[in-house]
Amino acid sequence: PPVTTPPRTDPAGDDATVTTMTSLTTGPDPAGDDPGGWLLDLMRVMAPHPRSITGDGVRATLADVAKHIPLVVHEVPSGTPVLDWTVPREWNVRSAWLTDPTGRRVVDVADNPLHLLGYSVPVEARMSLDDLRPHLFSLPDAPDRIPYRTSYYNDNWGFCLADELARTLPDGTYTVHIDTSLTEGSLTYGEFVVPGRGEETVLVSTHVCHPVMANDNLSGIAVATRLAATLAARPQAPRFTYRFVFVPGTIGSITWLARNRDVTGRVHAGLVLTGLGDRSAFTWKRSRRGGTTIDRAVELVLAQSAETGPGATGEPARLVDFSPYGYDERQYCSPGFDLPVGRFGRGQHGEYPEYHTSADDFTFVDADRLAGSYRTLLQVLNVLERDRTWRNLAPYGEPQLGRRGLYRGIGSVMGSKAYEMGLLWMLSYSDGTNSVGDIARRSGLSFDALADAADALAAAGLLAPA
Amino acid sequence: PPVTTPPRTDPAGDDATVTTMTSLTTGPDPAGDDPGGWLLDLMRVMAPHPRSITGDGVRATLADVAKHIPLVVHEVPSGTPVLDWTVPREWNVRSAWLTDPTGRRVVDVADNPLHLLGYSVPVEARMSLDDLRPHLFSLPDAPDRIPYRTSYYNDNWGFCLADELARTLPDGTYTVHIDTSLTEGSLTYGEFVVPGRGEETVLVSTHVCHPVMANDNLSGIAVATRLAATLAARPQAPRFTYRFVFVPGTIGSITWLARNRDVTGRVHAGLVLTGLGDRSAFTWKRSRRGGTTIDRAVELVLAQSAETGPGATGEPARLVDFSPYGYDERQYCSPGFDLPVGRFGRGQHGEYPEYHTSADDFTFVDADRLAGSYRTLLQVLNVLERDRTWRNLAPYGEPQLGRRGLYRGIGSVMGSKAYEMGLLWMLSYSDGTNSVGDIARRSGLSFDALADAADALAAAGLLAPA
Amino acid sequence: PPVTTPPRTDPAGDDATVTTMTSLTTGPDPAGDDPGGWLLDLMRVMAPHPRSITGDGVRATLADVAKHIPLVVHEVPSGTPVLDWTVPREWNVRSAWLTDPTGRRVVDVADNPLHLLGYSVPVEARMSLDDLRPHLFSLPDAPDRIPYRTSYYNDNWGFCLADELARTLPDGTYTVHIDTSLTEGSLTYGEFVVPGRGEETVLVSTHVCHPVMANDNLSGIAVATRLAATLAARPQAPRFTYRFVFVPGTIGSITWLARNRDVTGRVHAGLVLTGLGDRSAFTWKRSRRGGTTIDRAVELVLAQSAETGPGATGEPARLVDFSPYGYDERQYCSPGFDLPVGRFGRGQHGEYPEYHTSADDFTFVDADRLAGSYRTLLQVLNVLERDRTWRNLAPYGEPQLGRRGLYRGIGSVMGSKAYEMGLLWMLSYSDGTNSVGDIARRSGLSFDALADAADALAAAGLLAPA
């Protein structure tokens with residue numbers, strides 16, 4: 001897309017001359033015939049990289065993303081102060097395993113990155129089972145699953161394993177081999193900007209620090225990548241500037257915020273993406289303030305687009321008020337920034353038993369659900385792009401639509417009724433205080449039908465941007 | 001009623017000296033012993049006139065109304081610009097019929113005005129059934145009913161007939177005879193003003209353009225006439241000026257608005273009336289803004305007066321938000337005017353199968369339902385008249401009502417409890433921000449009981465107009 | 001407690017230096033091991049005094065209260081103007097009885113103070129049953145109960161008795177003996193002030209004019225006394241000044257208001273107490289304005305503390321909007337004062353059949369319910385004391401709690417989760433607009449848990465008073 005800077009007089013790209021915006025969701029599916037397959041393929045490519053909040057796993061993941069969008073990769077040195085935090089040492093894993101008294105290898109990080117407690121310090125030691133126990137993590141309630149555990153800011157080491165294995169370990173002397181490095185390296189994150197006609201920014205953020213797991217968080221990385229690719233491929237620059245950030249959780253968004261204080265002042269709307277592939281209904285976690293641009297856009301789309309098709313749950317989407325616990329919305333919505341950012345996903349962290357275990361694998365996610373998430377998010381971006389406030393230029397009585405060719409005669413075909421209602425609603429409520437989205441909420445008519453009606457009325461000289 | 005202009009210092013007639021207003025709804029029924037019969041009689045007299053948006057049918061209808069109230073009839077010449085529209089040519093029908101190949105008269109407007117497409121141009125022609133078909137309108141889903149159809153602003157002609165007849169027409173040559181005139185005449189509407197003690201105006205509007213049909217709209221014309229007659233017969237001038245307008249739909253209200261821009265600035269409340277005789281529960285369609293004077297008055301009356309008696313449905317009244325589709329509220333509530341006007345009726349347009357067909361006849365309406373509509377509307381006007389905001393002159397602690405004779409001793413008779421509660425509620429909430437209607441809504445006590453309590457407290461020097 | 005006046009610069013005692021306040025509800029039960037027993041004992045001591053709105057019964061009752069708190073007793077002479085009223089003559093009873101034609105004593109006030117109509121004038125007379133009947137009061141629907149009746153402001157006399165007795169009285173001549181006095185004496189009320197660190201005042205009011213009855217109103221007097229004793233025994237002066245008033249109903253609160261106009265201007269919150277011992281769920285009658293400090297505190301406590309234990313109903317507490325009928329909240333909430341005062345109790349006046357009859361006795365109240373009322377009210381005072389608004393001093397991103405020792409590592413113990421959530425909620429919403437109570441309502445976390453988290457964050461330098 002063109003990278004020319006739009007004129008400064010119109011920060012939101014909301015100029016009166018460009019009044020017609022094609023819907024992002026019409027025409028051939030912008031993600032191709034099989035977006036679900038595309039997303040799964042990308043997730044499978046990224047799955048093996050040993051992700052953590054720093055290190056080569058993140059770099060390899062961002063390199064996969066960069067095959068689809070021209071990602072800019074940032075490296076921030078260990079020790080850099082970021083808000084109240086400091087960028088930690090970089091962590092990398094060469095090898096790690098545990099052998100039992102008979103020499104049998106109990107677990108090996110080469111089999112599954114979850115086996116190693118994240119940020120384990122290097123260890124070469126022999127010890128009794130009793131001394132080892134505090135370093136073993138398992139799930140008695142889900143004995144066949146490996147848990148996901150980390151210890152980023154307390155030096156520690158450990159192995160995560162299935163409880164059915166942990167419970168049967170024989171007494172004796174164990175050998176611990178953990179060949180990791182904690183060095184003055186850097187924290188890595190990626191960023192891709194789709195310039196808009198204005199500088200007001202839509203932020204799309206996803207974390208890139210979870211190893212292996214498919215729903216949390218490969219699905220978020222893949223969907224964010226596809227949304228970015230779709231927007232970048234549009235012939236017309238979007239109204240807003242879109243900024244896609246791929247950051248390690250917590251410390252990554254804190255680092256991004258510390259380095260982008262200028263951007264935070266012009267965030268029009270934002271979404272944190274994760275958990276987009278499981279079979280639950282959608283969950284929208286509202287921004288801290290609630291009722292912001294993004295809350296209204298997402299809630300409208302969710303109200304108007306019940307998910308259908310193969311695998312759809314038929315359950316209504318859930319709207320959840322902000323709480324200061326979860327993913328990076330915690331940082332974007334911290335009271336100093338208080339950005340209009342919410343979180344979009346399906347099942348919520350901690351609510352499904354596969355969460356943060358080895359059971360969050362490729363059997364847990366579904367191509368149709370991934371495609372449904374992608375298409376719904378595209379509708380959300382479409383509402384952001386097309387929502388605007390108009391003013392009726394002939395507000396005294398109804399204008400005579402018939403003589404302007406906007407109204408049919410007798411026996412009009414089915415479907416035109418919704419269109420004619422769209423004309424009447426736009427004229428009635430375009431008093432400078434209601435946007436297209438507001439009118440969609442009030443009327444129950446579809447957002448795109450109203451936006452199309454507004455374009456037709458503007459072409460006939462009956463509406464002007466407010 | 002006296003037509004003297006009240007002094008300009010009190011536009012709403014809300015002077016402090018006139019504090020006691022008799023309820024409009026007490027005493028002998030102001031519509032006589034049988035308001036339902038009275039309304040049906042007037043509807044039957046008006047039924048045969050061939051109403052349309054212009055022409056002699058409207059004039060004859062207004063002449064019937066003028067037998068009960070001193071109506072002023074306005075004629076606005078064809079071609080007059082009114083807001084975004086132009087007054088159309090005047091349409092009159094001398095005769096119109098269709099004969100089949102055997103010479104049998106298939107339909108004749110002399111049998112039912114609905115048979116002729118409204119505003120049909122003159123035609124004398126012979127044509128095949130195939131050429132005729134596009135000019136025949138019937139209802140396959142209601143094969144025994146004649147639909148009501150018009151083509152005001154596209155030159156066209158046609159016949160409306162029962163589908164069971166339309167389906168059995170033999171092939172061959174048909175003779176079309178439509179002897180109508182479209183001339184540079186005028187649009188006709190009627191207006192009657194009941195001067196009030198103030199100039200703030202209550203608008204009551206009903207359309208007069210629908211042929212034959214009893215519920216839509218003979219019932220509206222009749223009830224508006226009776227309300228006007230009742231108000232005009234009151235010994236005391238009302239607080240507000242009441243303006244009853246009898247206009248053809250859409251173009252009539254647009255014409256009235258274009259010619260009464262000064263009045264629109266002082267509309268305190270307004271009602272569009274139609275569909276008052278069918279057996280559905282009441283429907284209140286709110287004004288565009290909602291929560292205006294008229295919305296609050298109607299919603300209070302509907303909440304406090306469940307309809308009872310013979311034929312009552314027992315269903316709760318429906319409150320419907322404004323939508324820019326319906327009757328003349330579309331014009332009064334267009335965003336440039338945005339008047340506090342809603343629509344009062346029973347079944348809603350399009351929701352009952354008899355709507356806009358020959359089945360909306362005198363079997364479809366009911367004397368008791370007509371009387372119930374009339375009495376409920378009188379209660380609404382009563383609330384408008386008596387609702388005002390008072391100020392407690394002894395606001396520190398409760399005043400001692402006993403020594404002022406306002407409170408009973410031990411063993412007080414039943415019923416006085418409600419009266420004493422009315423005194424306490426009026427004293428407690430008359431802080432200058434709550435009107436009698438607000439206090440009725442909050443307390444659940446009846447509006448008239450509270451208004452009576454306020455009058456008693458004012459007489460005792462404990463309340464004054466705020 | 002210390003009675004030194006706090007410095008004037010901090011009317012609410014809300015100084016930044018005192019940030020940690022111990023919960024009123026933690027530690028050993030401040031009412032001792034058996035508050036229910038304590039309350040019942042005091043109620044039994046006060047029961048026999050012949051209370052009315054004036055007279056020696058009130059004085060004896062206040063003397064019992066003064067054994068537990070240093071009550072100041074005020075005497076206001078008959079004839080004193082108080083707001084719209086005048087302090088009435090003082091009424092005392094020496095003896096009163098009625099004998100039937102056979103000389104049998106039908107009723108005697110010595111058996112039950114309810115037998116004499118309150119404020120009966122002195123009478124010595126013989127009369128027929130017919131002449132006597134208008135002076136006999138009974139309850140046909142509850143024939144075994146003596147009703148409670150008064151005639152304060154109309155000179156009258158009478159006897160109250162069981163209807164089963166009244167119905168069987170033989171014809172003949174009856175002897176009426178009523179030896180009462182109505183003299184230029186005084187109205188008596190008690191007041192106890194617990195000075196706070198600030199002058200902003202919490203008002204706790206209970207009436208002291210009902211004879212004999214246990215729930216209405218011995219329970220209110222006892223619970224108010226115990227709350228006052230508990231607050232006075234605290235080692236630290238409370239944040240607010242607490243003013244406990246023991247007044248005869250209506251005329252007493254009117255007298256107090258007339259004499260304390262300066263105090264009314266600094267009432268931070270207030271409660272009228274009565275009906276605290278019956279077995280109904282709690283009822284909170286909101287202040288006239290609703291949503292005031294006291295409404296929010298009580299509604300939070302009721303939402304968070306479902307009553308449990310022996311005899312608990314399991315019913316949810318009831319929240320009732322203000323109405324100008326009830327107890328002394330009528331006076332405190334009269335529109336001139338409009339204080340943030342509501343009424344706390346269990347069953348409401350008029351809703352339980354024992355109300356204002358001899359059946360409101362010690363079988364009708366329950367030690368556990370009394371203790372539950374007391375403890376719940378202590379929680380309300382605790383919320384008033386501890387609720388304040390903080391400001392996050394590190395609002396950009398989340399502060400790193402781990403390095404401040406506020407956050408646990410892996411495998412944190414159960415329970416600490418709620419504590420950590422409390423830290424996050426306090427940080428997220430302490431933007432200067434939300435108090436601890438607001439955050440409790442929003443998060444569903446317990447008020448004391450959040451207040452404790454706020455204290456810990458303040459100690460770590462992360463929060464400061466807003």
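Peer 1: Any details on the confidence of the model for chain A? Residues and values, ideally.
Peer 2: Residue and element names in this part refer to chain A. The predicted model of chain A has a mean per-residue pLDDT of 91, with 91% of residues at 70 or higher. Note on residues 1–10: pLDDT is under 50 here. Beyond four places in sequence and across chains, it has 13 contacts. In the predicted structure, residues 409–415 sits below a pLDDT of 50 and forms 7 contacts with residues beyond four places in sequence or in another chain.

Peer 1: Provide a residue-level description of the pairing of strand E16 (residues 341–345) of chain A, including the pertinent values.
Peer 2: Residues and elements named next belong to chain A. With respect to burial, E16 is a largely interior element, 5 of its 5 residues being buried. Along E16, one buried face is formed by Val341, Arg343 and Gly345 and the opposite face, lined by Gly342 and Phe344, is buried too. One ladder, built from 4 bridges, connects strand E13 (residues 267–273) with E16; its direction is parallel. Each residue of the ladder has a partner; that of glycine 270, found in E16, is valine 341.

Peer 1: Can you explain the interface of chain B and chain A? Please cite residues and give values.
Peer 2: Taken residue by residue, the interface counts 24 residues in chain B and 21 residues in chain A. Between chain B and chain A, roughly 1,900 Å² of surface is buried when both sides are summed, and carbon and sulfur atoms account for 53% of that area. For A:Arg403, the salt bridge identified is with B:Asp84, shortest N-O distance 3.1 Å. Linking chain B to chain A there are 11 residue pairs in polar contact (both at pLDDT 80 or more). Residues belonging to the side of chain B that touches chain A are distributed by class as follows: 11 nonpolar, 8 polar and 5 charged.

Peer 1: Describe the pattern of salt bridges, with residues and values.
Peer 2: The full count for this structure, using the stated rule, is 84 salt bridges over all chains. Between A:Arg89 and A:Asp155 there is a salt bridge whose closest N-O contact spans 3.3 Å. Of the two residues, A:Arg89 is situated in the loop between strand E3 (85–86) and strand E4 (90–99) and A:Asp155 in the loop between strand E7 (136–137) and strand E8 (159–160); the sequence distance between them amounts to 66 residues. C:Asp438 is the partner of C:Arg441 in a salt bridge, and the nearest nitrogen-oxygen pair spans 2.9 Å. Linking C:Arg441 with C:Asp438, this pair stays in helix H12 (residues 436–443), spanning 3 residues, or about one helical turn. One network of salt bridges, with partners in common, ties together A:Asp56, A:Arg59, A:Glu75 and A:Glu90.

Peer 1: Explain the state of the cysteines to me, and be specific about the residues and the numbers.
Peer 2: One way to say it: the disulfide is the covalent bond shared by the sulfur atoms of two cysteines. Within the structure shown, the criterion is met by 0 disulfides over all chains. There is no disulfide at B:Cys333, and the cysteine sulfur nearest it, in B:Cys209, is 18 Å away.

Peer 1: So what's going on with the interface of chain C and chain B? Which residues, and what values?
Peer 2: Each partner contributes to the interface: chain C provides 24 residues, whereas chain B provides 21 residues. Taking both partners together, chain C and chain B bury about 1,900 Å²; carbon and sulfur atoms supply 54% of that area. Inspection of the chain C/chain B interface yields 4 salt bridges. When the shortest N-O distance is used, the salt bridge between C:Asp84 and B:Arg404 registers 2.8 Å. Run the count over chain C and chain B and you get 11 residue pairs in polar contact (both at pLDDT 80 or more). Classifying every residue of the side of chain C that touches chain B gives 11 nonpolar, 8 polar and 5 charged.

Peer 1: How would you sum up the relation of the copies chain B and chain A? Please name residues and give values.
Peer 2: In screw terms, the move from chain B to chain A is a rotation of 120° and a rise of 0.0 Å along the axis, fitting with an RMSD of 0.1 Å. Here the transformation between the copies is reduced to the relation of a three-fold axis. Minimal C-alpha separation from the rotation axis in chain B is found for B:Gly291, amounting to 13 Å.

Peer 1: Tell me about a negative patch on the surface, and please be specific about residues and values.
Peer 2: Residues and elements named next belong to chain A. Taken together, the side chains of Asp33, Asp34, Asp41 and Asp368 make up a negatively charged region of the molecular surface. With respect to the element layout, aspartate 368 can be found in helix H10 (residues 367–386). Residue classification places aspartate 368 among the partly exposed positions, given a relative accessible area of 36%.

Peer 1: Account for the environment of C:Gly402, naming residues and giving values.
Peer 2: Residue and element names in this part refer to chain C. Take glycine 402: it is sitting in the loop between strand E17 (389–392) and helix H11 (416–429). Since its relative accessible area comes to 43%, glycine 402 is described here as partly exposed. Along the primary structure glycine 402 and alanine 297 are separated by 105 residues, whereas in three dimensions their C-alpha atoms are 33 Å apart.

Peer 1: Tell me what's going on with unusual backbone geometry, and back it up with residues and numbers.
Peer 2: The peptide bond linking B:Asp216 to B:Asn217 adopts the cis configuration, its omega dihedral lying at 20°. In this fold, B:Asn217 is placed in helix H5 (residues 214–232). At A:Tyr119, a residue that is not glycine, the phi angle is positive and equals roughly 70°. Mapped onto the elements, A:Tyr119 comes out in the loop between strand E5 (105–108) and strand E6 (123–128).

What counts, and at which threshold
- Residues numbered from 1 in each chain as written.
- Chains lettered and ligands numbered in written order.
- Predicted model: local features only at pLDDT ≥ 70, side-chain atom pairs only at ≥ 80, totals over all residues.
- Heavy atoms only, no water.
- pLDDT = per-residue confidence, 0-100.
- Contact = heavy atoms within 4.5 Å.
- Buried < 20%, exposed > 50% of the residue type's maximum accessible area, 1.4 Å probe, protein only.
- Helix = DSSP H or I, 4+ residues; strand = E, 2+ residues; numbered from the N terminus.
- Pairing = 2+ DSSP bridges.
- Buried area = accessible area lost by both parts, 1.4 Å probe.
- Salt bridge = Lys/Arg side-chain N within 4 Å of Asp/Glu carboxyl O.
- Polar contact = N/O pair within 3.5 Å; in protein donor to acceptor, adjacent residues only side chain to side chain.
- Nonpolar A, V, L, I, M, F, W, Y, C, P; charged D, E, K, R; others polar.
- Disulfide = S-S within 2.5 Å.
- Least-squares fit on C-alpha atoms with pLDDT ≥ 70 in both.
- Patch = residues over 30% accessible without salt bridge, like charges linked within 9 Å, V, L, I, M, F, W, Y side chains within 5 Å.
- Areas by Shrake-Rupley, 256 points an atom, 1.4 Å probe, with all protein chains shown as cover.
- Lys, Arg positive; Asp, Glu negative; His and termini not counted.
- Charge placed at Lys NZ, Arg CZ, Asp CG, Glu CD.

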